[in-house]
Amino acid sequence: MKLGESKEDYLEAMYILKRQKGYIRNFLLCNYLNYSKASVSVAIRGLVAEGYVIKDEHGYVELTVEGKKIAKKVYARHLLLEEFLELIGVSPETANHDACRMEHTISEESFQKIQELVKKIKKENASNEQMQLTN
């Protein structure tokens, strides 16, 4: 099932915040995503209703198994696409912004081919560096 860009962004942000801070709260999401409290509250309620997150009585938010699975996939796509764009000379700021948009729309086939290309480029770069050290 396709969640949509907004919900994927929320899940990805929650995954990142959990890794960085150790916990997730609405105010952290507001700050991280630069969204209003009202927008975050509505989104969290929707994600709870759909079974992607749970929220306890103290206001802490946790990803469910399914929510974490989706979040990790989106985050991994973002990281790889950002790395690819930087490898081809895109500035880090632009690469981050573009990867954020691309991660939601790229086909699995195209993503796999980019992943293969990044591995090949990194292997060639490592080989070139090794050759330079031995000369």
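Placed above this text is the structure.
I will try to describe carefully the structure that is included in this document.

What counts and what doesn't
Residues numbered from 1 in each chain as written. Predicted model: local features only at pLDDT ≥ 70, side-chain atom pairs only at ≥ 80, totals over all residues. Heavy atoms only, no water. Disulfide = S-S within 2.5 Å. Patch = residues over 30% accessible without salt bridge, like charges linked within 9 Å, V, L, I, M, F, W, Y side chains within 5 Å. Areas by Shrake-Rupley, 256 points an atom, 1.4 Å probe, with all protein chains shown as cover. Salt bridge = Lys/Arg side-chain N within 4 Å of Asp/Glu carboxyl O. Helix = DSSP H or I, 4+ residues; strand = E, 2+ residues; numbered from the N terminus. Buried < 20%, exposed > 50% of the residue type's maximum accessible area, 1.4 Å probe, protein only. Phe/Tyr/Trp six-rings, centres within 6.5 Å; stacked < 30°, edge-to-face > 60°.

1. With respect to the state of the cysteines
For the structure shown, the criterion picks out zero disulfides. Residue Cys 30 stays outside any disulfide, its sulfur separated by 17 Å from that of Cys 100, the closest cysteine.

2. With respect to a nonpolar patch on the surface
Together, Tyr 23, Phe 27 and Tyr 60 line one region of the surface with nonpolar side chains, adding up to about 270 Å² of accessible area. With respect to the element layout, Phe 27 can be found in helix H2 (residues 26-33). You can call Phe 27 partly exposed: its relative accessible area is 42%.

3. Observations concerning the pattern of salt bridges
If you walk through the whole model with that rule in mind, you get six salt bridges. Here Lys 7 makes a salt bridge to Glu 50, at a shortest N to O gap of 2.5 Å. Of this pair, Lys 7 sits in helix H1 (residues 5-21) while Glu 50 sits in the loop between helix H3 (37-49) and strand S1 (53-55), and the two are 43 residues apart along the sequence. The closest approach of N and O atoms between Lys 18 and Glu 62, which form a salt bridge, is 2.9 Å. Note that Lys 18 is positioned in helix H1 and Glu 62 in strand S2 (residues 61-63), a separation of 44 residues in sequence.

4. Structural notes on the packing of aromatic side chains
Ring pairs (aromatic) are described by centroid distance and by the angle formed between their planes. Scanning the entire structure with this criterion turns up three aromatic pairs. Residues Tyr 23 and Tyr 60 carry aromatic rings whose centres are separated by 6.0 Å and whose planes lie at 75 degrees to one another, so their mutual orientation is edge-to-face. Of the two residues, Tyr 23 sits in the loop between H1 and H2 while Tyr 60 sits in the loop between S1 and S2, which places them 37 residues apart along the sequence. When its relative accessible area of 32% is taken as the criterion, Tyr 23 is described as partly exposed. Note on Tyr 60: relative accessible area 34%, which makes it partly exposed.

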